[in-house]
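# Close look at the chain arrangement
Below, each chain spelled out in residue letters.
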Amino acid sequence: MRLFSTSSSPKPNFPLFSPSQNPKRSTSKTIPPFKTRLPSPSFLSLPPCTANNCPPFPVLDQEADREDSLEPKQDTFKKVLVVRRPVMDVSGEENDDGSEDGEAEGDDVISKPSGIDAGLEEFAKKMPLFEPERGESGGTLEKPLAVNLDLSLYKARVLARKYRYEEAEKILEKCIYYWPEDGRSYVTLGKILSKQAKRTEARAVYERGCQATQGENPYIWQCWAVLENKMGNIRRARELFDAATVADKRHIAAWHGWAVLELKQGNVKKARHLLAKGLKFCGGNEYVYQTLALLEAKANRYEQARYLFRQATKCNPKSCASWLAWAQLEVQQENNRSARLLFEKAVQASPKNRFAWHVWGVFEANIGNVDMGRKLLKIGHALNPRDPVLLQSLALLEYKHSTANLARVLFRRASELDPRHQPVWIAWGWMEWKEGNISTARELYQRALSIDSTTESAARCLQAWGVLEQRAGNLSAARRLFRSSLNINSQSYVTWMTWAALEEDQGNSVRAEEIRNLYFQQRTEVVDDASWVTGFLDVIDPALDSIKRLLNLDQGLINKAREPSKDAESIEDGAEEPFLTTLGLNDGNDIGYGSRFDLNAFIKDKLSLDPSKLDLLMENSGNSSPKRVTSPRRMWRSQNRTTMTLP
């Protein structure tokens, strides 16, 4: 250790400095005591002890030194916290200032941090703000750009369509972490979990999303309500739909979903009231018009139904669902030519829509155009190679008009595409029963019920299995199966009457009459009247110009509703012509299927499909799925599957 002289010099040998300068002390002369409270950018080291200014306590005493240097060190630590440089060592900062007191006072004193030093260092290690890797980048975690959210959501949806759910969930969790206030991440994640039957996890995601968005996102409320409705919590679903409409009264999906819930519960008037509110707050919407039209068709008010379907297609000419629903109405009225024209409109509105090709193909097969129906189903399969419903209907068609072996190949391929699709297993079991393979049919029915035993498909499966056991002579098993089917769906007229017929065949006429009476007693009565039409079209038709014109239209519709129903011949002769005029089509002078629509040219130009190679595509799809034709924009997509009614 270097020894200092005890003689004092009358004049210090260092110049005066301002608070912003960095002083340097000389070790050759004795420095008089110098104290200041002005801030300094670096730590001020203590002057060396002399005979005149030596404190009464030992300088090397650590506790005393800690108390003496408490005040300047507190100011210095505040300065360090402002700069946010916890990575650097305190002793290193002192040495970097150019101070040579380490040699004068001893390395053991300077190198050991004080009590505040040690406490602050431990505190900095625990706080994420003071982590070294974040300190180098500025001390805070930067939020990614908003465009990354859109890209991540798109990538998650693509992965979900490819059934890579785990990867999609990881991406969505990151989106929620960085953008907790955006509701799209919660909605997408909840839907992915619902597809995997993880309804409890989906409910937790929706609840977390509502809390993060402070209940102001109607999409999360609406998706949560749909989930509760699927789980059977009707009262809870109503509350959530109500919350969605409170969050945004212009959210049409909430009004429509709530109305559909009430329709399933038999509350037709309540459903009409909700649909009217949706149109009032949100304006014209094709789904609301479509639902109202279906209600009118169910009440046998076909002119009003056609008018509402026309409004739906005016709101959105690309709405494939509206064209298909309208076509189904004309099929029920046996207006086959009009239905075909509507099917053509549907495929032109959405060329890749699997429902359009499927329903049109089944329609053509049912009216006897087997080749046309087979061709339409093959086109739909070429465009949607992963859809099992198209293969299921094609298998039933081939079984009826071709061979059972070809149908089995198609059924097996459909079951491999989606092993959890119940209608495929039920249809396959029905075919095997018709072929006399009773044990195989039982196995297929059991496989369908193992997927889910609470759905309407399960009820149909139990009813079909009951008929099988009845024909096989197992009457007790047939009764149990009929009872189980009615426990799931008590409104099935076919199941009640089949059970009654079984008892009638066994000579139990009293029991058969009791079963028929039970059906009529528990049947849900749907009461609907035509009084709502008066004054309602002024709400749902914003395109009308004046009240006078509106009232005239109202009166015309009411008069038409009061006319007696026409027979089939008069409908074919008179009702079809104004329908064709409304669509802007010709008066029926075309050849072929009733229009100038060229199916082969359409699929070749719009879909890049060769009509002569459809059979080759079907054969190749068994080994590897063909390349799907990409469309520039997906207009509409539904997760509900349309199935063919089994015989």
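Everything quoted here is computed from the prediction, not taken from an experiment. (Residues numbered from 1 in each chain as written. Predicted model: local features only at pLDDT ≥ 70, side-chain atom pairs only at ≥ 80, totals over all residues. Heavy atoms only, no water.)

This part covers the overall build of the protein chain. Of the regular secondary structure elements, the protein chain holds 34 helices and 0 strands. Across the 647 residues of the protein chain, 41% fall into the buried class. When contacts within the protein chain are restricted to residue pairs at least 6 apart in sequence, long-range pairs at least 24 apart make up 55% of them. Entry remark: accessible area of the protein chain is about 36,900 Å², with carbon and sulfur atoms responsible for 51%. (Helix = DSSP H or I, 4+ residues; strand = E, 2+ residues; numbered from the N terminus. Buried < 20%, exposed > 50% of the residue type's maximum accessible area, 1.4 Å probe, protein only. Contact = heavy atoms within 4.5 Å. Areas by Shrake-Rupley, 256 points an atom, 1.4 Å probe, with all protein chains shown as cover.)

Orientation of helix 22 (residues 388-401) relative to helix 23 (residues 404-417), taken along the N-to-C sense of each, is 170°, at an axis distance of 8 Å. Compared by their axis directions, helix 22 and helix 23 come out roughly antiparallel. When helix 22 is examined against helix 23, the residues Pro388, Leu391, Gln392, Leu394, Ala395, Leu396, Glu398 and Tyr399 are found in contact with a partner set consisting of Ala404, Leu406, Ala407, Leu410, Phe411, Arg413, Ala414 and Leu417. (Axes fitted to C-alpha atoms, helices over the stretch in contact; angles between N-to-C directions. Parallel < 35°, antiparallel > 145°, perpendicular 65-115°, else oblique.)

With that out of the way, let us pick up the confidence of the model for the protein chain. Looking at the protein chain as a whole, the pLDDT averages 75, with 63% of positions reaching at least 70. Confidence drops under pLDDT 50 across residues 128-140; counting only partners more than four residues distant or on other chains, this segment forms 11 contacts. (pLDDT = per-residue confidence, 0-100.)

On to a positive patch on the surface. Taken together, Arg157, Arg161, Lys162, Lys191 and Lys195 make up a surface patch of like positive charges. For the positive patch, the secondary-structure elements that each account for two or more residues are helix 8 (146-161) and helix 10 (183-195). With respect to the helices and strands, the residue Lys195 is situated in helix 10. (Patch = residues over 30% accessible without salt bridge, like charges linked within 9 Å, V, L, I, M, F, W, Y side chains within 5 Å. Salt bridge = Lys/Arg side-chain N within 4 Å of Asp/Glu carboxyl O. Lys, Arg positive; Asp, Glu negative; His and termini not counted. Charge placed at Lys NZ, Arg CZ, Asp CG, Glu CD.)

Let us now look at the pattern of salt bridges. Inspection of every chain in the model, using the stated rule, returns 22 salt bridges. Between Glu167 and Arg164 there is a salt bridge, with its nearest N and O atoms 2.7 Å apart. In this structure, Arg184 and Asp182 form a salt bridge, with 3.1 Å as the shortest nitrogen-oxygen distance. Overlapping salt bridges bring together Asp150, Asp182 and Arg184 as one network.

One pass over the structure, following the stated rule, counts 0 disulfides. Cys210 supplies the cysteine sulfur nearest to Cys223, a cysteine that is in no disulfide, at a spacing of 9.8 Å. (Disulfide = S-S within 2.5 Å.)

All right, on to the packing of aromatic side chains then. Counted according to the given criterion, the structure contains 20 aromatic pairs. Here Trp323 and Trp326 contribute two aromatic rings whose centre-to-centre distance is 6.1 Å and whose plane-to-plane angle is 10°, an arrangement assigned as stacked. One end of the pair, Trp323, and the other, Trp326, are both in helix 18 (residues 320-332), 3 residues apart, so they sit about a helical turn from each other. Centre to centre, the rings of Trp425 and Trp428 are 6.0 Å apart; their planes meet at 15°, and the pair counts as stacked. Within this pair, Trp425 and its partner Trp428 are both found in helix 24 (residues 422-434), separated by 3 residues, close to a single helical turn. (Phe/Tyr/Trp six-rings, centres within 6.5 Å; stacked < 30°, edge-to-face > 60°.)

The end-to-end C-alpha separation of helix 10 is 19 Å, in line with the 18 Å expected for 13 residues at 1.5 Å each. Those residues of helix 10 hidden inside the fold are in contact with helix 8, helix 9 (165-178), helix 11 (199-212) and helix 12 (218-230). The residue sitting at the N-terminus of helix 10 and contributing the capping side-chain oxygen is Asp182; that oxygen lies 3.0 Å from the backbone nitrogen of Arg184. Looking at the residues trailing helix 10, positive phi occurs at Ala197, about 65°. (Expected span 1.5 Å × (residues − 1). Polar contact = N/O pair within 3.5 Å; in protein donor to acceptor, adjacent residues only side chain to side chain.)

Let's shift gears to the UniProt feature "repeat: TPR" (unreviewed entry) in the protein chain. According to UniProt, the feature "repeat: TPR" (unreviewed entry) maps to residues 286-319 in the numbering used here. Split by type, residues 286-319 is 79% helix and 0% strand. Its first and last C-alpha atoms lie 7 Å apart. (UniProt positions renumbered as here; feature names shortened; annotations may be inferred.)

The next subject is the nonpolar core. By size, the foremost hydrophobic cluster in this structure holds 84 residues, and its most contacted members are Phe343, Trp357, Trp360, Ile379 and Ile603. For this core, the element with the highest residue contribution is helix 18, accounting for 7 residues. Contacts of Phe343, omitting those with residues within four sequence positions, involve Leu324, Ala327, Val331, Val359, Trp360 and Phe363. One finds Val424, Ala458, Leu468 and Ala500 within the second-largest nonpolar core, a separate group that totals 51 residues. (Core = buried A, V, L, I, M, F, W, Y, C linked by side-chain atoms within 4.5 Å.)

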